[in-house]
Amino acid sequence: MRFRAKIVDLACLNHFSRIINTIAKLAKTCILRLTVCKLYFIFSDKVANGGASMWCELSQGNFFDEFQMEGVAAEHNEIYLEFVPENLWRALKTAQSAKAVKIKLTNKHCPCLRVAVDLPSLSSSSRIVTHDIPVGVIPRRMWNDFREPSVPDFDVSIYLPVLKTMKSVVERMKNLSNFIVIEANLSGEMNLKIETDLVSVTTHFKDLGNPPWASEDGCQSSAQGRDLESMAEACIDIKKLQQLLAGQQVNPTKALCNIVHKRIVHFVLLHEEVSLQYFIPATA
Amino acid sequence: LSRIGDELYLEPTESGLSLRAVNSSRSAFAAFLFAPLFFQLYEPGSAGPDTELFRCKVHMKSFLGVFRSLPSLEKSVGKCLILLKPRASRLVLQLHCKHGVTKTHNLAFQECERLQAVFDTQRCASRLCAPARLLAEAVVHFPPTLAEVTLGTGPGGKISLRNYVEDEAEPSKTMVTELWLAEDEFQSVAVAPGSHITFCLKEFRGLLSFAEASNLPLTIHFDEPGRPVIFTLDDTVLEVHLVLATLSDLESSSQSPSTNGVSHLPAPSDDFADDLESYMAAMETSEGCSEGPPSPTFPLRTPQPAKSKPQEEEEEEEEEGAVPGTPPHKKFRSLFFGSVMTPGRPGPATTQEVLAEDSDGES
């Protein structure tokens, strides 16, 4: 099992670091799945994360100048590692002016991702900073736990409002309540509601637009034939939503959410090179 | 100074005003000596044949409160007068501001003993001098919460900084960061090969930001693990010393920082577990080690079976049956502050008497 990769382009490094920062804000530990073409950041430890789960996928070619991996076996050419994204973020945070960043899977005392940052310096030789991030290797028998979640059979799918606006609304609501209700309909209307003993606040968004979901096999999804005005809602932990929004530093190309009435909200954020899906279950 | 202690010691001397602080565990000490030329007027007072120059300590927060907002002070204050009134038990800080406004602060003080850490930069085997910016850039790679860092020398004359991982921490869970600096990035390097010391980053960061702000190069004097590390800044009117305890290293061969070894645990000896007596004796030896007991900010080290040099054995006999687990800071103070030592105890030669502050500064 081998892995080594290198980033030399500062813009790629910056973008990659921001993705790691987003992930670090969402989960304390997460799974890194490496394949020949892609990197996946996954967490679905439902208990630890209050039921939320995430699937983030990016193409390695968009970030790395060099990328070599050899999986556990020829027919299973993948590597699954468990790590703390905050550690990786810390390693990359101060590398933003680096000449090169190399990442390598090593096993000196315990399996580690060694991040070696080549920094410019005034002297003849460059300054090297190495960060050894401990990782846990996930055995093959557990790989099934980390399969890509399927898009739920949603009642409503709607594009999200401008994330910056949504973020500031949710942040203020977070001060008042622990839970937030997201409701939306197929006419492009979404409401964010909180309700406590003292106060209830609702923010209305309209003209958001609903993404067209062509069903692959022609069968009806529960969204079809649905009354356009009827709202589907789910009450979720406001902190999870706030964390998701706080991590978004760049506006995604597409941002939408799928609501299964009173069950789960599925957020999909698409950028050019990376896609992020985040599932927040409704609280009882 | 406020990053180190809660009390500010003011000591006027003939060679200037010395401001000092020490932390509660006596493992960090700092002194800023402002020469008379720094001030528009400097009168240390007169010492009689039997009396010394008056000195006192005040609450750090009270003192800092007077100078709370530097930008507005710079705009509005013309002069600042510091006056010590022993008989009124007050330290007077008077700010003469624009528009005829005078703000007078009367701070209560306490009389105090002379606060003097025992150290001698001349006895340090290694010395590094670097612009503050280099060290600031180095330290930025370590998390702000990191307690201790190991400074070491490696192959090719390179200098390394590595975060110190406590013995108790699981190596498989802790991230290790290591930074290598080339010799030519420093202004001067005179180090004993293979040497390394571990010290607390928090107090050092305080001095580092001061050095960066004043654009002064920082000199690091260090010796063997366990002996204090001394950071100095020098200027025509200011002399700064920061003395920090370092973790004492009981391994007979110091681990070179260039190895990937994270663990500082000495390999346990085979006969260790069987012989409880020698285990206890080894613990006591480590407490009384003349190389300097572990700093109170650091965990107690797993003891080695006594590979003691004659010096240490002598120490052990003199020890009053140190109980394993005695809070280390009591021992530590005795190394650091000569006045609190048990009489008759041999220590490193210089620690029997309190050294005058400038004993090493003339060079």
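Residues numbered from 1 in each chain as written. Chains lettered and ligands numbered in written order. Predicted model: local features only at pLDDT ≥ 70, side-chain atom pairs only at ≥ 80, totals over all residues. Heavy atoms only, no water.

With respect to the overall build of chain B
For chain B, the count of helices and strands is seven helices and 17 strands. Of all 363 residues assigned to chain B, the portion counted as buried reaches 50%. Considering only residue pairs separated by 6 or more positions, chain B has 63% of its internal contacts joining residues 24 or more positions apart. Here chain B has roughly 17,700 Å² of accessible surface; of this, 52% comes from carbon and sulfur atoms. (Helix = DSSP H or I, 4+ residues; strand = E, 2+ residues; numbered from the N terminus. Buried < 20%, exposed > 50% of the residue type's maximum accessible area, 1.4 Å probe, protein only. Contact = heavy atoms within 4.5 Å. Areas by Shrake-Rupley, 256 points an atom, 1.4 Å probe, with all protein chains shown as cover.)

Details of the pairing of strand E15 (residues 217–222) of chain B
Here is the key point about a regular strand: its side chains alternate between the two faces of the sheet. Residues and elements named next belong to chain B. The element E15 is extensively covered by neighbouring structure, given that five of its six residues are classed as buried. Alignment of strand E9 (residues 126–131) against E15, held across six bridges, turns out to be antiparallel. Residue pairing for E15: Leu-128 is matched across the bridge by Ile-220. Bridging between E15 and strand E16 (residues 229–234) involves four bridges; their strand directions are antiparallel. Pairing of Ile-220 across the sheet is with Phe-231, part of E16. (Pairing = 2+ DSSP bridges.)

A few points about the interface of chain B and chain A
Frequently, the measure chosen for interface size is the accessible area that the parts lose on association. Taken together, the contacts link 24 residues of chain B with 23 residues of chain A. Connecting chain B to chain A are two salt bridges. For the interface between chain B and chain A, the tally reads seven residue pairs in polar contact (both at pLDDT 80 or more). Broken down by secondary-structure element, the contributors of at least two residues to the side of chain B that touches chain A are helix H3 (132–139) and strand E12 (176–181) of chain B. Among the elements that make up the side of chain B that touches chain A, the one with the highest residue count is E12 of chain B (six residues). (Salt bridge = Lys/Arg side-chain N within 4 Å of Asp/Glu carboxyl O. Polar contact = N/O pair within 3.5 Å; in protein donor to acceptor, adjacent residues only side chain to side chain.)

Focus on the sheet that holds strand E13 (residues 190–195) of chain A
All names here are of chain A. Sheet architecture is open: four strands sit in the order E14-E13-E12-E15, paired in antiparallel fashion. Edge positions in the sheet fall to strand E14 (200–205) and strand E15 (232–237), since each has one partner strand and no second. Put simply, the sheet's adjacent strands are angled 20 degrees from each other on average, direction ignored. Of the pairings in the sheet, the one linking strand E12 (residues 179–184) to E13 comprises four bridges and is antiparallel in character. Bridge pairing in E13 places Glu-183 opposite Asn-191. Along the sheet face, helix H4 (residues 238–246) touches E12, E13 and E15 and points at about 90 degrees away from the line of E15. (Axes fitted to C-alpha atoms, helices over the stretch in contact; angles between N-to-C directions.)

A word on the environment of Val-237 of chain B
Residue and element names in this part refer to chain B. By the secondary structure assignment, Val-237 is in the loop between E16 and strand E17 (238–244). With a relative accessible area of 21%, Val-237 lands in the partly exposed category. On a C-alpha basis, the gap between Val-237 and Leu-91 in space is 23 Å, while along the polypeptide they are 146 residues apart. In this view, Val-237 contacts Leu-33, Phe-34, Ala-35, Leu-37 and Phe-38; residues no more than four positions away in its chain are not counted.

Overview of the side chain of His-131 of chain A
As for its placement among the helices and strands, His-131 of chain A is situated in strand E9 (residues 127–134). The class for His-131 of chain A is buried, based on a relative accessible area of 0%. Reaching out from His-131 of chain A, the side chain makes a polar contact with the side chain of Thr-177 of chain B at a distance of 2.9 Å.

Quick word on the packing of aromatic side chains
All names here are of chain A. One pass over the full model with this rule turns up 19 aromatic pairs over all chains. Where Phe-16 meets Phe-64, the ring centres are 5.3 Å apart and the plane angle is 70 degrees; that geometry is what we call edge-to-face. On the criterion of sequence distance, the pair formed by Phe-16 in helix H1 (residues 10–26) and Phe-64 in the loop between strand E4 (53–59) and strand E5 (66–70) is long-range, its members being 48 residues apart. Ring plane angle 25 degrees and centroid distance 4.4 Å describe the contact between Tyr-80 and Trp-143, whose orientation is recorded as stacked. On the criterion of sequence distance, the pair formed by Tyr-80 in strand E6 (residues 79–83) and Trp-143 in the loop between strand E10 (136–137) and strand E11 (156–159) is long-range, its members being 63 residues apart. Given the relative accessible area of 5%, Tyr-80 is considered buried. One aromatic cluster is present, formed by Phe-3, Phe-16, Phe-63, Phe-64 and Phe-67 through successive ring pairs. (Phe/Tyr/Trp six-rings, centres within 6.5 Å; stacked < 30°, edge-to-face > 60°.)

What to know about the confidence of the model for chain B
All names here are of chain B. Overall, the prediction assigns chain B a mean pLDDT of 71, with 67% of residues at 70 or greater. Taken together, the stretch residues 251–335 has pLDDT below 50 and engages in 147 contacts with residues farther than four places along the chain or on a different chain. A low-confidence stretch, residues 337–363 stays under pLDDT 50, and its non-local contacts, those more than four residues away or across chains, total 53 contacts. (pLDDT = per-residue confidence, 0-100.)

Observations concerning the domain arrangement of chain A
Residue and element names in this part refer to chain A. When cut into domains, chain A gives domain 1 (2–145) and domain 2 (156–281). For domain 1 versus domain 2, the separation of C-alpha centres amounts to 29 Å. Across the contact, 21 residues belong to domain 1 and 16 residues belong to domain 2. Buried surface at the junction of domain 1 and domain 2, summed over both partners, amounts to about 1,600 Å²; 58% is from carbon and sulfur atoms. Between the two partners, domain 1 and domain 2, sit zero salt bridges. Our count for the contact surface shared by domain 1 and domain 2 stands at five residue pairs in polar contact (both at pLDDT 80 or more). For the side of domain 1 that touches domain 2, the secondary structure elements donating two or more residues are H1 and E4. (Domains from an automatic or database assignment. Buried area = accessible area lost by both parts, 1.4 Å probe.)

Side note on the nonpolar core
Grouped together as the largest cluster of nonpolar side chains are 139 residues, with contacts concentrated most on Phe-3, Phe-16, Phe-41, Met-190, Leu-192 and Phe-267 of chain A together with Phe-204 of chain B. The dominant element in this core, judged by the number of residues it contributes, is H1 of chain A, at eight residues. Other than its neighbours up to four places away in sequence, Phe-204 of chain B contacts Leu-135, Val-139, Phe-199, Leu-218, Phe-231, Leu-242 and Leu-244 of chain B. Of all hydrophobic cores here, the second largest spans 11 residues; its members include Val-22, Ala-31, Cys-112 and Cys-124 of chain B. (Core = buried A, V, L, I, M, F, W, Y, C linked by side-chain atoms within 4.5 Å.)

A look at helix H4 (residues 201–214) of chain B
Residues and elements named next belong to chain B. Over its 14 residues, H4 extends 20 Å from the first C-alpha to the last, a length consistent with the 20 Å expected when each residue adds 1.5 Å. Within the sequence span of H4, burial applies to Leu-201, Glu-203, Phe-204, Gly-206, Leu-207, Leu-208 and Ala-211. Phi turns positive, to about 60 degrees, at Asn-215, one or two residues after H4. (Expected span 1.5 Å × (residues − 1).)

What about the pairing of strand E1 (residues 2–7) of chain A?
Residue and element names in this part refer to chain A. Judged by which residues are buried, E1 turns out to be one-sided: Phe-3, Ala-5 and Ile-7 face inward and are buried, whereas Arg-2, Arg-4 and Lys-6, on the alternate face, are not. As judged from the five bridges shared by E1 and E5, these two strands associate in the antiparallel manner. Bridging across to E5, Ala-5 finds its partner in Phe-67. Judged from the four bridges that link them, E1 and strand E7 (residues 100–107) form a sheet pairing that is antiparallel. Bridging from a neighbouring strand, Ala-5 pairs with Ile-103 of E7.

A closer look at the state of the cysteines
Inspection of the entire model under this criterion finds zero disulfides over all chains. Not engaged in a disulfide, the cysteine Cys-56 of chain A finds its nearest cysteine sulfur in Cys-30 of chain A; these two sulfurs lie 8.6 Å apart. On the accessibility criterion, Cys-56 of chain A (2% relative accessible area) is buried. Cys-97 of chain B carries a free sulfur, and the closest cysteine sulfur to it, the one in Cys-80 of chain B, is 9.4 Å from it. (Disulfide = S-S within 2.5 Å.)

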